[in-house]
Amino acid sequence: MALLIRGGEIVTAESRYHSDILVEDEVIRAIGRDLPAPADVEIIDASGKLVFPGFVDPHVHIHLPFMSTFAKDTHATASKAALIGGTTTFIEMCCPSRNDDALESYHLWKEKAEGNSACDYAFHMAVTRYDARTESQLREIVRDGAASFKIFLAYKNFFGVDDEEMYRTLTLASELGVITTAHCESAELVSQLQQALLADGKTGPGWHEPSRPEAVEAEGTGRFATFLEHTNATGYVVHLSCVPALRAAVDAKLRGVRLSIESVLPHFLLDKTYAERAGIEGMKHVMSPPLRDKRNLSALWSALDAGLIDTVGTDHCPFDTEQKLLGARAFTQIPNGIPGIEDRVNLMWTYGVKRGLLDIHRFVDALSTRPARIFGLAPSKGMIAVGSDGDLVVFDPSYRGMISARTHHTNNDYNGFEGFAIEGRPSVVTVRGTVQVSDGTFVGQSNRGRMIRREPQYFNHEASNDR
Ligand code: URP
Ligand code: ZN
Ligand code: ZN
């Protein structure tokens, strides 16, 4: 059945205007005023509402074996939470440990998602070891449509790669024309600092931040950029949290390194005092890189508004209170991660756009259009244009509510943003023309989502000219 969204105010990364949108056979067929309604059509009245392109979350963890446990969501729970929050496509990190086989893991991740997601999804493939089989396996994975890599410079002996492995991954990525995303913290420095703090009897969650100080993230960011420069590869720093790391990344951009910057929801809204709270309250706010000193937050907002920070993801990573308590005796054992897949759009809208810290077009760009472009999902995703997928968010700016674990949909017993007010929320959300959310409630098909296969992008102009 066709879908006609009538009378809304369309807001994209570039423009803002009143128009109707007609979706047929999954894609946008027409945009214009007073479009005629075809015979068999579902009409949504969007008057008084904003209409955004479906939001794209470039960084989520759903299936995740990590720190002796598993993240709590399934694709069913995470995708519904995503949709209720306006996210119509997410990119999941496929993260085998160093001891796992990359190709087997990739198939496992795909099996977990297939038929179980209500929204569309894609994968970043984490390279957590580089041995004799890695190259051919990665070529196969890229051919299958997971055209981006992930490396961790942190998490020694688990996900972390050494410099030789980083070099080899980036060299292959450069040849294949795929982008490499990176968690930029020095694993060795973190490990040494953790041991020193524990030896001093400093065991509570408040010591997590001092064990991975800003300089450690800046070092990782700068090193990643230098390796990109010398391999002619294209990179993307995930979850950048602080000014020194931002300086390192921007300095690389100025040198001409092809590097994009992502920061994630918690780093815009929460500071390190949340993790310094006693006991379980602090543990709920342990993630890496850690929540930072408050002075970083306003710098991140400014850099985002100016477009120096390219994208906003969530790094959605739900561990419940029982799992967080694994770290009751030592902060190093607290499973790292804060969920947010449902809250990104509403919180960035409320505390960014509504508070005057973030231009509305930059909001759409950072949360939808730019991640779609950077990761090869555009023009199907991230834009409202004839021919793009019918992924649309009819957003009600008059809604007033509050974030709470009592009402959220992710499979977790706490919410790191508990009690935060929201001033607006998606009222209708569509995936390729199917209404999946209505009046803020999931009403759609649990298996509507499909894997979006992406082509390599050949960022390297010289190499692409040779092809
Ligand atoms: O604390 C975090 N960020 N947990 C998820 C794993 C990662 O580093 O992205
Ligand atoms: Zn990370
Ligand atoms: Zn992550």
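The structure displayed is predicted, hence computed values, not measured ones.

Thresholds, definitions, all that
- Residues numbered from 1 in each chain as written.
- Chains lettered and ligands numbered in written order.
- Predicted model: local features only at pLDDT ≥ 70, side-chain atom pairs only at ≥ 80, totals over all residues.
- Heavy atoms only, no water.
- Donors = N, O, S within 2.8 Å, 3.2 Å for Na, K, Ca; no water.
- Tetrahedral: all angles 85-135°; square planar, octahedral: opposite > 155°, others 65-115°.
- Helix = DSSP H or I, 4+ residues; strand = E, 2+ residues; numbered from the N terminus.
- Buried < 20%, exposed > 50% of the residue type's maximum accessible area, 1.4 Å probe, protein only.
- Axes fitted to C-alpha atoms, helices over the stretch in contact; angles between N-to-C directions.
- Parallel < 35°, antiparallel > 145°, perpendicular 65-115°, else oblique.
- Left-handed = near helix turned anticlockwise from the far one by under 90°.
- Contact = heavy atoms within 4.5 Å.
- Nonpolar A, V, L, I, M, F, W, Y, C, P; charged D, E, K, R; others polar.
- Near = heavy atom within 4 Å.
- Polar contact = N/O pair within 3.5 Å; in protein donor to acceptor, adjacent residues only side chain to side chain.
- Salt bridge = Lys/Arg side-chain N within 4 Å of Asp/Glu carboxyl O.
- Expected span 1.5 Å × (residues − 1).
- Arc of directions from axis to C-beta.
- Core = buried A, V, L, I, M, F, W, Y, C linked by side-chain atoms within 4.5 Å.
- Pairing = 2+ DSSP bridges.

A. Structural context of the coordination of the zinc ion (ligand 2). Within the first shell, the zinc ion (ligand 2) binds the protein through His 183 (ND1) and His 239 (NE2), at distances of 2.0 to 2.1 Å. Bound by four donor atoms, the zinc ion (ligand 2) shows angles of 57 to 151° at the metal and therefore irregular coordination geometry. Here the zinc ion (ligand 3) and the zinc ion (ligand 2) are spaced 3.8 Å from one another. Of this pair, His 183 sits in strand β12 (residues 179-183) while His 239 sits in the loop between β13 (235-237) and α8 (243-254), placing them 56 residues apart in sequence. For His 183, a relative accessible area of 1% translates into the label buried. His 239 sits in the buried class, given a relative accessible area of 2%.

B. Seen up close, the packing of helix α7 (residues 214-231) against α8. Relative orientation of the contacting elements α7 and α8 amounts to 15°, with a least axis distance of 7 Å. Of the possible angle classes, the one that applies to α7 and α8 is roughly parallel. Between α7 and α8 lies a crossing whose hand is right-handed. When α7 is examined against α8, the residues Glu 214, Glu 217, Ala 218, Thr 221, Gly 222 and Ala 225 are found in contact with a partner set consisting of Pro 244, Ala 245, Ala 248, Ala 249 and Ala 252. Taken together, the residues of the contact of α7 with α8 break down into seven nonpolar, two polar and two charged.

C. Representation of the site of ligand 1. Around ligand 1, a shell composed of His 59, His 61, Phe 152, Tyr 155, His 183, His 239, Met 287, Ser 288, Asp 315, Cys 317, Asn 336 and Gly 337 is seen. Contact distances for ligand 1 include 2.6 Å between an oxygen atom and a side-chain N or O atom of Tyr 155. Separating an oxygen atom of ligand 1 from a backbone N or O atom of Gly 337 is a distance of 3.4 Å.

D. Main features of the side chain of Ser 241. Relative to the assigned elements, Ser 241 resides in the loop between β13 and α8. Residue classification places Ser 241 among the buried positions, given a relative accessible area of 1%. Of the polar contacts made by the side chain of Ser 241, one reaches the side chain of Arg 292; its length is 2.9 Å. Ignoring anything within four residues of it in the chain, the contact list for Ser 241 reads Glu 217, His 267, Pro 289, Pro 290, Arg 292, Asn 296 and Leu 300.

E. Here's a closer look at the pattern of salt bridges. All chains considered together, the criterion is met by 39 salt bridges. Between Glu 219 and Arg 223 there is a salt bridge, and its shortest N-O distance comes to 2.8 Å. With Glu 219 and Arg 223 both in helix α7 and four residues apart, the pair spans about one turn of that helix. Here Glu 219 falls in the partly exposed class, since its relative accessible area comes to 31%. A relative accessible area of 18% places Arg 223 in the buried class. Between Arg 255 and Asp 251 there is a salt bridge, with its nearest N and O atoms 2.9 Å apart. Each of Glu 26, Asp 120, Lys 381, Asp 389, Asp 391, Arg 432, Arg 448 and Arg 450 takes part in one network of salt bridges that share partners.

F. Representation of helix α2 (residues 102-113). The end-to-end C-alpha separation of α2 is 17 Å, in line with the 16 Å expected for twelve residues at 1.5 Å each. Buried within α2 are the following residues: Ala 102, Leu 103, Ser 105, Tyr 106, Trp 109, Lys 110 and Ala 113. Buried residues of α2 fall within an arc of 160° about the axis and therefore sit on the same side. Among the exposed residues of α2, those oriented more than 90 degrees off its buried face are Glu 104 and Glu 111. Its buried side turned inward, α2 meets β7 (65-66), α1 (75-84), β9 (87-94), β10 (120-126) and α3 (134-143). Regarding α2, its N-cap is Asp 101, as a side-chain oxygen of that residue lies 3.2 Å from the backbone nitrogen of Leu 103 further along. Just downstream of α2 lies Gly 115, where phi reads positive at about 80°.

G. A look at the nonpolar core. Grouped together as the largest cluster of nonpolar side chains are 122 residues, with contacts concentrated most on Phe 52, Phe 149, Phe 224, Leu 269, Met 348 and Phe 363. A total of seven residues in this core trace back to one element, the largest contributor, which is helix α14 (residues 360-374). Those residues in contact with Phe 363, other than ones at most four positions away along the chain, are Phe 52, Phe 55, Val 345, Met 348, Trp 349, Val 353 and Leu 358. Ranked by size, the runner-up nonpolar core spans 14 residues in total, among them Val 23, Ile 384, Val 428 and Val 435.

H. Local environment of the sheet that holds β13. Spatial strand order, β6-β9-β10-β11-β12-β13-β14-β15: eight strands in an open sheet with parallel pairing. Because the sheet does not close on itself, it has two edges, and the strands there are β6 (55-60) and β15 (311-313). Along the sheet, successive strands turn relative to each other by an average axial angle of 30°, direction set aside. Here strand β11 (residues 148-152) pairs with β12 via five bridges, running parallel. By the bridge assignment, Phe 149 is partnered in β12 with Thr 180.

I. Focus on helix α13 (residues 344-353). Most of α13 sits inside the fold, with ten of its ten residues counted as buried. Within α13 the residues assigned to the buried category are Arg 344, Val 345, Asn 346, Leu 347, Met 348, Trp 349, Thr 350, Tyr 351, Gly 352 and Val 353.

J. Structural context of the coordination of the zinc ion (ligand 3). Donor atoms from the polypeptide that bind the zinc ion (ligand 3) are His 59 (NE2), His 61 (NE2) and Asp 315 (OD), placed at 2.0 to 2.1 Å. Geometry at the zinc ion (ligand 3) is irregular, judged from its four donor atoms and the angles of 87 to 141° they form at the metal. The motif formed by the donor residues of the zinc ion (ligand 3), counted along the single chain, is H-x1-H-x253-D.

K. Summary view of the pairing of strand β3 (residues 27-32). One ladder, built from five bridges, connects strand β2 (residues 16-24) with β3; its direction is antiparallel. Bridge pairing in β3 places Val 23 opposite Ile 28. The antiparallel hairpin formed by β2 and β3 contains two residues in its connecting segment, where Asp 25 sits at a positive phi of about 50°.

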